[in-house]
Amino acid sequence: MSSLWIVGRPVSDPCFGALSDLALSAQHEGCDAAVIFVEGKGGNDLSTLNDSVERMHEALASIKNSSVKRLMVVTGFSSLTGRRWKQHQATWQSNLGVSLESVDGMGSLIAEILAKSAALGGMEVLVLRQDEHDAELLGRWIKKATSLSAAEYTALHDQTIPDLDGWVVMNHDPSGEFTGAIDALTWLQ
């Protein structure tokens, strides 16, 4: 049985209800996968930035000396919401890069950069961006992301897509404004 280290949410969160085949832990010891929640508070208070960045730094420092091989990061769209890309097209795509308008966005961006650095260091990293907390979808996503074989994870990479180069980013945006190279709902089917 795989074991999952939960960072940033209580182990009793309803989204973990679908994970009956995983042992959940609030500590990294003995875990082979981790999920870090880096969801800001939507504000411009510097504590929002500090919370996101410190949570990622502390988790990555713990992971460095552990048996964790797969990292899942759950964040929002605040690193993209600056709408700079709206001048060019109505829907954001991964080749358009980031667009910040808040401190929260900077925290999300730094967390994603730290996730990518972990991926470049050999860790299997999956990122899910979502604005609304959807416990059912999140549970299914974590379950599938945890159960991927190394070959299945590698098959998700596409060097021609910026956010799939060595790591995997998925967006869940029911509004359709932020489209990613891999749609989370389609991937879960």
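Computed from a predicted model, the values in this text were never measured in an experiment. (Residues numbered from 1 in each chain as written. Predicted model: local features only at pLDDT ≥ 70, side-chain atom pairs only at ≥ 80, totals over all residues. Heavy atoms only, no water.)

### Comments concerning the overall build of the protein chain
Counting secondary structure elements, the protein chain contains five helices and seven strands. Put simply, the protein chain runs from its N terminus to its C terminus through helices and strands in the order β-β-β-α-β-α-β-α-α-β-β-α. A compact globule built from 189 residues should have a C-alpha radius of gyration of about 16 Å, and the protein chain, at 16 Å, falls within 12% of that. Taken along the three principal axes of its C-alpha coordinates, the protein chain extends 50 × 35 × 30 Å. Out of the 189 residues belonging to the protein chain, those deemed buried represent 50%. When contacts within the protein chain are restricted to residue pairs at least 6 apart in sequence, long-range pairs at least 24 apart make up 67% of them. For the protein chain, the computed accessible surface area is about 8800 Å², with 52% contributed by carbon and sulfur atoms. (Helix = DSSP H or I, 4+ residues; strand = E, 2+ residues; numbered from the N terminus. Rg over C-alpha atoms; globule rule 2.2 N^0.38 Å. Buried < 20%, exposed > 50% of the residue type's maximum accessible area, 1.4 Å probe, protein only. Contact = heavy atoms within 4.5 Å. Areas by Shrake-Rupley, 256 points an atom, 1.4 Å probe, with all protein chains shown as cover.)

### Details of the confidence of the model for the protein chain
The predicted coordinates should not be examined in detail at positions where pLDDT is low. Taken as a whole, the protein chain shows an average pLDDT of 87; of its residues, 97% reach a score of 70 or greater. Mean pLDDT per element in the protein chain: helix α1 (residues 46-64) is the minimum at 87, and strand β1 (residues 3-7) is the maximum at 95. (pLDDT = per-residue confidence, 0-100.)

### Side note on helix α2 (residues 103-120)
Its 18 residues give α2 an end-to-end C-alpha distance of 26 Å, which sits within 8% of 26 Å, the value for a rise of 1.5 Å per residue. All buried positions along α2 are accounted for by Val 103, Asp 104, Gly 105, Gly 107, Ser 108, Leu 109, Ala 111, Glu 112, Leu 114, Ala 115, Ala 118 and Ala 119. Packing partners of the buried residues in α2 comprise β3 (33-38), α1, β4 (70-75) and β5 (124-130). Of the residues one or two after α2, Gly 122 is the one with positive phi, at around 110°. (Expected span 1.5 Å × (residues − 1).)

### Describing the environment of Ala 150
Inspection of the secondary structure puts Ala 150 in helix α4 (residues 150-155). When near neighbours in sequence (up to four residues on either side) are disregarded, Ala 150 contacts Arg 70 and Glu 124.

### Structural notes on the nonpolar core
Counting 52 residues, the largest nonpolar core has Leu 71, Val 125, Leu 126, Trp 141, Ile 142, Met 170 and Trp 187 as the members making the most contacts within it. The biggest single contributor to this core is β3, with six residues. When residues no more than four places from it in sequence are discounted, the contact partners of Trp 187 are Leu 126, Trp 141, Lys 144, Ala 145, Leu 148, Leu 156, Met 170 and Ile 182. (Core = buried A, V, L, I, M, F, W, Y, C linked by side-chain atoms within 4.5 Å.)

### Here's the deal with the sheet that holds β4
Taken in spatial order, the seven strands of this open sheet run β2-β1-β3-β4-β5-β6-β7, and their pairing is parallel. Two strands bound the open sheet, and with one partner strand each, they are β2 (23-25) and β7 (182-183). Sheet analysis places strand β6 (residues 168-172) next to β7, joined by two bridges and oriented parallel. Within the sheet, the bridge partner assigned to Met 170 lies in β7 and is Ile 182. (Pairing = 2+ DSSP bridges.)

### Examining the packing of aromatic side chains
Considering all chains together, one arrives at two aromatic pairs under this definition. On the numbers, 6.1 Å between centres and 75° between planes, the contact of Phe 16 with Phe 37 is edge-to-face. Taken as a pair, Phe 16 in the loop between β1 and β2 and Phe 37 in strand β3 lie far apart in primary sequence, 21 residues in all. When its relative accessible area of 5% is taken as the criterion, Phe 16 is described as buried. (Phe/Tyr/Trp six-rings, centres within 6.5 Å; stacked < 30°, edge-to-face > 60°.)

### Focus: α1
For α1, built from 19 residues, the straight-helix expectation of 27 Å at 1.5 Å per residue is met to within 8% by its first-to-last C-alpha distance of 27 Å. All of the buried residues in α1 are Thr 48, Leu 49, Ser 52, Val 53, Met 56, Ala 59, Leu 60 and Ile 63. Considered in projection along α1, the buried side chains sweep an arc of 130° and stay on one side of the axis. Projecting away from the buried face of α1 at angles above 90 degrees are the exposed residues Leu 46 and Glu 58. Looking at the buried positions of α1, the neighbouring elements they touch are β1, β3, β4 and α2. (Arc of directions from axis to C-beta.)

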